[in-house]
Amino acid sequence: MTDQPLASTPASPPAGQPATPMAREIIARGSLLQDAKNVSVPLKAAGAVAGLVFLTVNAAIAYIVIDGRLDGEWYDFRDLGNAMARLRAELDDTSAGPWLSYWVTGLIGGVGILSFLGGFLLIGSWIERRMLARFQIRVGPDRVGPFGLLQPLADALKLMQKEVLTPIGADKALFLLPPVLVFIPAMLAWGPMPWAPNMSYLDINVGLLYVISITSLSVLAIWMAGWSSNNHYALLGAMRTVAMMVSYEIPISLSLIVVVLLTGSLNLGEIVAWQGEHNVWLGALLPFAMFTFFFSSTAEINRTPNDIAEAESEIVAGFHTEYSGMKAGLFLAVELGNALLVGALLATFFLGGYTAFGLEEWIPPYLILAAKAGFGYFLFIWLRGTLPRFKIDQLMNFAWKYLIPLSIANVLIVAVEASIAARWDVEGIFIYGSFAIVNLALTVFAVRAWAKVIGYTPDLEHPVGPRFASKIGGLEAAREIQGGT
Amino acid sequence: MTNASEPYVLNIGPQHPSTHGVFRIRVVMDGERILDLDMIVGYLHRSMEKLAEERTYTQNIPFTDRADYLAAMSSNLGLCLAAERLADVEVPERASYLRVIFAELQRIASHAMANGTLVSDAGAWQTPLLYMFREREKILDLFEMTCGARLTTNYMRIGGVAFEPPPEFWPALQELVDELPDRISEYEELLTQNEIFIARTRGVGVITPEDAINGSLVGPALRGSGVPWDLRKAEPYCVYDRMEFDIPIGTTGDVYDRFMVRLAETRESVKILRQSIAGIPDGPHKTDIPLALRPEPGEVYGRVEGPRGEIGFYLVSDGGPAPYRFHIRAPSLINLSLLREMAQGVALSDAVVALGSMDIVVGEIDR
């Protein structure tokens, strides 16, 4: 034993430098800006050329748009539905009959939606992990490919190589089906989504009803997974999911009924068109419905703060505890897809869908919708990085004691407003402006009043900091302090 | 058809995200409600106390690192204090100050870990944990530059400490001490007023002062129940009698109180660190002792206030170089014993949070 520090202690770093190699590496890691400064000259030139081409193309587009030559033609790329209609007309002219156009256009649209979703699944988990890392002062996956972009691919490859186990005592058939079944509603729900005025795969007049019913089907697959796993954690997770989904269907439906009342249509395309026509987002008119929809959706798709169906710290992975390999991967992929789906629905119902106050004339509307759906997805990531988890009884209480009564009141209020809007022919901005103000005020008032009725107090008066003991002792000292306050 | 439900048995652990190690709870449940539970420990048993009877007192110090691997410095200190009392070894004043500094740093690091994992158990997906790891990293950096190890430090020696901290240690420590109060305020703002966190922790896992004392709880778990007991005040060792600090205690004894007590203790530790930095004298950092220390026959029970509570070392000497009997009184094991009372009749989610609030370290439970 010597008086000196260990010989193996690394040479002391200069003052102000972090001591450990890992800390030094983290700090020495360059920022994106520094990376950009190191780009080689040919690459810079190529970038400049690409930028110029982009600007020229945009100018050309602007010219055509102003000229009005583009509107509704098959080459109007702002609405891919036009091209489809042209193709359909061409095919109908042939002698093959209507079935050909039906199948061809159906196939193209289906492949389009599936490739959009598939592309998102490829990038979505990377986005989520990198963003969560930002929230958590980490770096996140950055090793596979540029900025770690290929990480989801690597994950999928790893999952595919893993053994797919079936637990002893599991119901084989029921255990096999859910990872596939859970995909079906997640895909089908994209059908009636309006991407542009004429661009909707399944333009049905009961689109909203269709979305609500299709999304509630996923509970069946989850229950099958939990039941067939022969595992208590899975069963608990499945029971929680079923209880939660059944409860939260109601506030979701009530919050969407409000949208129907005001717009007068169940067709998703018409709901969006209504918002574009009146230059208003329904979220501004119906703040409470938007909140209800968003919060209930977190419960429906198992995201924080309502991810109790797969609460990691309590029931490990919930209903998919026993699934391994790519089967578990499918469940995770569906979760990602559902988050984007809810983002897109939120955008469609409350954030103006593909419209953006006239901007949709210039930018392809489907890109606007994708951006808004991405914003919804970001909100989910944000919540996941921020909030703790509710307990199941708290969650149920919140649905049945708060959301549902208040939603019913909201339906009544908006029904009155909708009849006012239908009867009196007033300038849109005045009537909808006053609705927005009245609804916001009523929401604040109703939430506070209802909390008082229910007997809920925020409990913020509870002493936040602990007390400090003036003397040391056992039970008597504890009693003395308790009695003294 | 009747709708009767019957209780079922659920094994939580040995591998489970919230058992904080290899530890198993056999729970009898009715739906989501816990009817009864058994705690099954021993998966990490390494027979430390028996092995220690074959080694000298100094050779036993690394065992204490591996008992409570989140508070190695405090465990080191406990054994060294006990052995010094047994062998009548004088400790230089500078060494005592260094011991206080490192024990308090360890307390901050351990409490950061405890509170972070508690919030993680409540469902906040690792964000608070990683924020608290930011401070823990800096403390572990300080450990690394002093003794080369981050977790199993093996730093304290009988008669002092192993090494003098390097010159760059002191500015780094000062910087840490300066920024810690802001960081703690950050956690207070983020968590203590969070509606969901309050709903999950208040009124959960309540332990009354009577139960706490009957269950012989120690540390923040005891103080969270409102019993003002802290060995640093009650039975000052090292130079704690010269330090000015307060003992935070809880009001109701629930999970929230234990969380707040840990957070407040971190503040108090910063106070102690400030005073130690100001008051540390020059001088030797240890006294030389024989390689094989042979204490007079006798027995001693030395104890310190570790992050998890009283860490006690019961040593019996028969005059030989190795202890005749070596026993660790592990705070985690004793705090854990009240889990059954806390978890009976509550939901699984509450039991997980209650377990998280006891801040167990399985290495210390099983030894």
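**Re the overall build of chain B**
Consideration 1: Of the regular secondary structure elements, chain B holds 15 helices and nine strands.
Consideration 2: The principal-axis extent of the C-alpha atoms belonging to chain B is close to 80 × 45 × 35 Å.
Consideration 3: Considering chain B as a whole, with its 367 residues, one finds that 57% of them fall into the buried category.
Consideration 4: In chain B, the proportion of contacts linking residues at least 24 apart, taken out of those at least 6 apart, comes to 70%.

**Regarding the overall build of chain A**
Consideration 1: A tally of regular secondary structure across chain A gives 21 helices and three strands.
Consideration 2: Scored against the burial criterion, the 485 residues of chain A give a buried share of 37%.
Consideration 3: Within chain A, contacts between residues at least 6 apart in sequence are counted, and of these 75% link residues at least 24 apart.

**Here we look at the nonpolar core**
Consideration 1: Counting residues in each nonpolar core, the largest one holds 124 residues, and the members touching the most others are Met73(B), Ala83(B), Leu217(B) and Ala354(B).
Consideration 2: Among the elements that line this core, the one with the most residues is helix 4 (residues 93-121) of chain B, at 15 residues.
Consideration 3: Not counting residues within four places of it along the chain, the set of residues in contact with Ala354(B) comprises Val204(B), Gly205(B), Val255(B), Leu339(B), Met342(B) and Ala343(B).
Consideration 4: In this structure, Ile308(A), Phe319(A), Tyr323(A) and Phe331(A) belong to the second largest nonpolar core, which totals 95 residues.

**Section: the sheet that holds strand 8 (residues 309-317) of chain B**
All names here are of chain B.
Consideration 1: With respect to topology, three strands assemble into an open sheet ordered 7-8-9, the strand pairing being antiparallel. Of all strands in the sheet, those bounded by a partner on one side alone are strand 7 (298-306) and strand 9 (325-329). Neighbour to neighbour, the strand axes of the sheet diverge by 10 degrees on average, direction disregarded.
Consideration 2: Of the strand pairs in this sheet, strand 8 and strand 9 are connected by five bridges, and their pairing is antiparallel. Following the sheet pairing, Tyr-314 is matched in strand 9 by His-327.
Consideration 3: Of the strands in this sheet, strand 7 and strand 8 touch helix 3 (residues 72-87), which is tilted by about 150 degrees from strand 7.

**Focus: the interface of chain A and chain B**
Put simply, an interface is often sized by how much accessible area is lost when its parts join up.
Consideration 1: Contacts between the two partners involve 53 residues from chain A, matched on the other side by 61 residues from chain B.
Consideration 2: Every element with two or more residues in the side of chain A that touches chain B is listed here: helix 16 (312-315), helix 18 (365-386), helix 19 (392-423), strand 3 (467-469) and helix 21 (475-484) of chain A.
Consideration 3: Of the residues forming the side of chain A that touches chain B, the biggest block, five residues, is contributed by helix 21 of chain A.
Consideration 4: Looking at side-chain class alone, the side of chain A that touches chain B contains 27 nonpolar, 15 polar and 11 charged residues.
Consideration 5: In this structure, strand 3 of chain A lies alongside strand 6 (residues 247-249) of chain B, joined through three bridges in antiparallel fashion. Its bridge partner being in strand 6 of chain B, Arg467(A) is matched across the sheet by Ile249(B).

**Side note on helix 10 (residues 207-215) of chain A**
It helps to recall that an α-helix has 3.6 residues per turn; residues three or four apart then point in one direction.
Residues and elements named next belong to chain A.
Consideration 1: The set of residues buried in helix 10 consists of Gly-207, Leu-208, Val-211 and Thr-215. Buried residues in helix 10, looked at end-on, bunch into an arc of 105 degrees, giving them a common side.
Consideration 2: In this structure, the buried residues of helix 10 make contact with helix 9 (183-188), helix 11 (218-228), helix 12 (232-263), helix 13 (268-278), helix 15 (287-300) and helix 17 (325-350).

**Some points on the sheet that holds strand 3 (residues 33-40) of chain B**
All names here are of chain B.
Consideration 1: Taken together, three strands build an open sheet; the order of strands is 1-2-3 and the sheet is antiparallel. Whereas interior strands pair on both sides, the edge strands pair on one side only; in this sheet they are strand 1 (8-12) and strand 3. With strand direction ignored, the average angle separating the axes of adjacent strands in the sheet is 25 degrees.
Consideration 2: The sheet contact formed by strand 2 (residues 24-30) and strand 3 spans seven bridges and is antiparallel. Opposite Arg-26, over in strand 3, you have Asp-38 as the bridge partner.

**Overview of the confidence of the model for chain B**
Consideration 1: Residues with a pLDDT of 70 or more make up 99% of chain B, whose mean pLDDT is 87.
Consideration 2: For this predicted complex, the interface score ipTM comes out at 0.82, alongside a pTM of 0.83.

**Focus: helix 3 of chain B**
Consideration 1: The end-to-end C-alpha distance of helix 3 of chain B, which contains 16 residues, comes to 22 Å, matching closely the 22 Å that a straight helix rising 1.5 Å per residue would cover.
Consideration 2: Buried residues dominate helix 3 of chain B, accounting for 15 of its 16 residues.

**A few points about unusual backbone geometry**
Residue and element names in this part refer to chain B.
Consideration 1: You will see that Ser-47, though not glycine, has its phi angle at about 60 degrees, which is positive.
Consideration 2: Look at Asp-88: it is not a glycine, yet its phi comes out positive at around 55 degrees.
Consideration 3: Within the fold, Asp-88 resides in the loop between helix 3 and helix 4.

**Considerations on the pairing of strand 7 of chain B**
All names here are of chain B.
Consideration 1: In terms of strand pairing, strand 7 meets strand 8 through nine bridges, oriented antiparallel. Its bridge partner lying in strand 8, Glu-305 is registered against Glu-310.
Consideration 2: Between the antiparallel neighbours strand 7 and strand 8 lie two residues.

**Some remarks on the environment of Leu442(A)**
Consideration 1: For Leu442(A), the position within the fold is in helix 20 (residues 428-454).
Consideration 2: Along the primary structure Leu442(A) and Asp67(A) are separated by 375 residues, whereas in three dimensions their C-alpha atoms are 46 Å apart.

**A closer look at the environment of Met187(A)**
Residues and elements named next belong to chain A.
Consideration 1: With respect to the element layout, Met-187 can be found in helix 9.
Consideration 2: Considering only alpha carbons, one finds Met-187 and Asn-338, 151 residues apart in sequence, at a separation of 9.0 Å.
Consideration 3: With sequence-adjacent residues up to four places away left out, Met-187 is seen in contact with Leu-114 and Leu-117.

**Focus on the packing of helix 4 of chain B against helix 5 (residues 127-147) of chain B**
All names here are of chain B.
Consideration 1: At their nearest, the axes of helix 4 and helix 5 sit 8 Å apart, and the two run at 160 degrees to each other. Relative to helix 5, the element helix 4 is oriented roughly antiparallel. Handedness of the crossing formed by helix 4 with helix 5: left-handed. In contact with Leu-105, Ile-108, Ala-109, Ala-112, Met-113, Asn-115, Gly-116, Thr-117, Val-119 and Ser-120 of helix 4, helix 5 contributes Pro-128, Leu-129, Met-132, Phe-133, Glu-135, Arg-136, Ile-139, Leu-140 and Leu-142.
Consideration 2: Taken together, the residues of the contact of helix 4 with helix 5 sort by class into 13 nonpolar, four polar and two charged.

**Looking at the packing of helix 5 (residues 98-135) of chain A against helix 6 (residues 151-161) of chain A**
Residue and element names in this part refer to chain A.
Consideration 1: Relative orientation of the contacting elements helix 5 and helix 6 amounts to 110 degrees, with a least axis distance of 8 Å. Regarding the angle of helix 5 to helix 6, the classification is roughly perpendicular. Residues Leu-122, Ile-123, Ser-125 and Trp-126 of helix 5 form the contact with helix 6, whose participating residues are Gln-151, Pro-152, Leu-153 and Asp-155.
Consideration 2: Tallied by class, residues from the contact of helix 5 with helix 6 come to five nonpolar, two polar and one charged.

**Let's talk about the environment of Gly112(A)**
All names here are of chain A.
Consideration 1: Relative to the helices and strands, Gly-112 is located in helix 5.
Consideration 2: A count of 16 C-beta atoms within 10 Å places Gly-112 in the partly exposed class.
Consideration 3: Separated by 89 residues in sequence, Gly-112 and Tyr-201 place their C-alpha atoms 9.5 Å apart.

Reading the values: rules and limits
- Residues numbered from 1 in each chain as written.
- Chains lettered and ligands numbered in written order.
- Predicted model: local features only at pLDDT ≥ 70, side-chain atom pairs only at ≥ 80, totals over all residues.
- Helix = DSSP H or I, 4+ residues; strand = E, 2+ residues; numbered from the N terminus.
- Buried ≥ 20, exposed ≤ 12 C-beta atoms within 10 Å, placed from the backbone.
- Contact = placed C-beta atoms within 7 Å.
- Core = buried A, V, L, I, M, F, W, Y, C linked by C-beta atoms within 7 Å.
- Pairing = 2+ DSSP bridges.
- Axes fitted to C-alpha atoms, helices over the stretch in contact; angles between N-to-C directions.
- Nonpolar A, V, L, I, M, F, W, Y, C, P; charged D, E, K, R; others polar.
- Arc of directions from axis to C-beta.
- pLDDT = per-residue confidence, 0-100.
- Expected span 1.5 Å × (residues − 1).
- Parallel < 35°, antiparallel > 145°, perpendicular 65-115°, else oblique.
- Left-handed = near helix turned anticlockwise from the far one by under 90°.

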